[in-house]
Amino acid sequence: MGKITVFDTAVLEKAVADRVLETVDREKIQTEANGEGLLVGCADGDQRGDTEDHLKSKGLHRRHEVLSNGGALSLGPKSPARSLNRMLSEFVIHMTKETWYGWIARLLSGVITMIGCLFRLDLVQLIQIHKGLELKRMGVIILMPHVPCGVAAYYNLDVIDQLRLIIGAKRRLKKIFPDKRIMLLIHVDWSNGDRRTYRFSAAAMEAWISTNHSLFTTLKARL
Ligand SMILES: [Zn+2]
């Protein structure tokens, strides 16, 4: 299980202090989401129990889940997680490592990565969301990234990158499913025994990131 980075901790602590991350409001879950929603989240099993308990305690009594490694990160504009890319190459190298032709897979890893870019995970996820909404007749989509996330670490995405991708994902989904409400949550494992789920608004978060841009750049340079 990964640990939250010093940078992500500092950014998230400030976001909580500045109230752009708010505690999840039980009333809003019930009035805005009618207590039900389609959750797009990361498959990380270490955090599932905590998020499930939390959402249930906040009144989300009925939900359908579209889970994958990294969850909605793949839906963000130009997300590095939108395709298999180098994961395909790593997989082929793994599959052929005991064979005499394993060296060919290693030699062609760049080409295999390019082929991996054609396998679009975001499209698979969009189709899963579309079908899930249709089958379960749900009016609310909940996007819930989490920190620390293994896939975010794999692609070197800090929490600001993650938030930007999720905000972009929300806009994309709103265009595809204009009649659905989209709620943004984030689960944080503070790595000190404390785990929390927060709610945020896309517009407020975007403005806050923009206002604090130079602060975050300085902080990153110092770490
Ligand atoms: Zn994850």
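Residues numbered from 1 in each chain as written. Predicted model: local features only at pLDDT ≥ 70, side-chain atom pairs only at ≥ 80, totals over all residues.

1. Describing the overall build of the chain
The number of helices and strands found in the chain is 11 helices and seven strands. Compactness check: the chain gives a C-alpha radius of gyration of 19 Å against a globular reference of 17 Å for 223 residues, within 12% of the reference. On the principal axes, the C-alpha backbone points of the chain span a range of 60 × 50 × 35 Å. Buried residues in the chain amount to 32% of all 223 residues. Counted over contacts in the chain with a minimum sequence separation of 6, partners at least 24 positions apart contribute 83%. (Helix = DSSP H or I, 4+ residues; strand = E, 2+ residues; numbered from the N terminus. Rg over C-alpha atoms; globule rule 2.2 N^0.38 Å. Buried ≥ 20, exposed ≤ 12 C-beta atoms within 10 Å, placed from the backbone. Contact = placed C-beta atoms within 7 Å.)

2. Quick word on the domain arrangement of the chain
By the assigned domains, the chain splits into domain 1 (6-79 + 122-222) and domain 2 (84-119). Just the C-alpha atoms count here: the centres of domain 1 and domain 2 sit 31 Å apart. (Domains from an automatic or database assignment.)

3. Here's the deal with the pairing of strand β2 (residues 36-42)
In terms of burial, β2 is a largely internal element, six of the seven residues being buried. In this structure, β2 lies alongside strand β3 (residues 62-68), joined through seven bridges in parallel fashion. Its bridge partner being in β3, L38 is matched across the sheet by H64. Pairing geometry for β2 and strand β4 (residues 140-144), over four bridges, is parallel. Bridging from a neighbouring strand, V40 pairs with L143 of β4. (Pairing = 2+ DSSP bridges.)

4. Topic: the packing of helix α9 (residues 159-176) against helix α10 (residues 202-211)
Where α9 meets α10, the closest approach of the two axes is 10 Å, and the angle between their N-to-C directions is 145°. The crossing of α9 and α10 is left-handed. Contact residues: I160, L163, I167 and K170 in α9; A202, M205, E206 and I209 in α10. Per-class residue counts for the contact of α9 with α10 are six nonpolar, no polar and two charged. (Axes fitted to C-alpha atoms, helices over the stretch in contact; angles between N-to-C directions. Left-handed = near helix turned anticlockwise from the far one by under 90°. Nonpolar A, V, L, I, M, F, W, Y, C, P; charged D, E, K, R; others polar.)

5. A closer look at the pairing of strand β7 (residues 195-199)
In this sheet, β7 lies alongside strand β1 (residues 22-23) in antiparallel orientation, the contact comprising two bridges. Each residue of the ladder has a partner; that of T23, found in β7, is Y198. Here strand β6 (residues 181-189) pairs with β7 via five bridges, running antiparallel. Looking at the pairing, V188 lines up with R196 of β7.

6. What to know about the nonpolar core
The tendency in soluble globular proteins is for nonpolar side chains to be buried as a group. Judged by nonpolar contacts, the single largest core of 46 residues is most densely connected at L38, V40, I142, L143 and I166. Secondary-structure elements contributing two or more residues to this core are α1 (6-17), β2, α7 (121-136), β4, α8 (150-154), α9 and β6. The dominant element in this core, judged by the number of residues it contributes, is α9, at six residues. Ignoring sequence-local partners within four residues, the contact set of L143 consists of V40, A72, I166, A169, K170, I182 and L184. (Core = buried A, V, L, I, M, F, W, Y, C linked by C-beta atoms within 7 Å.)

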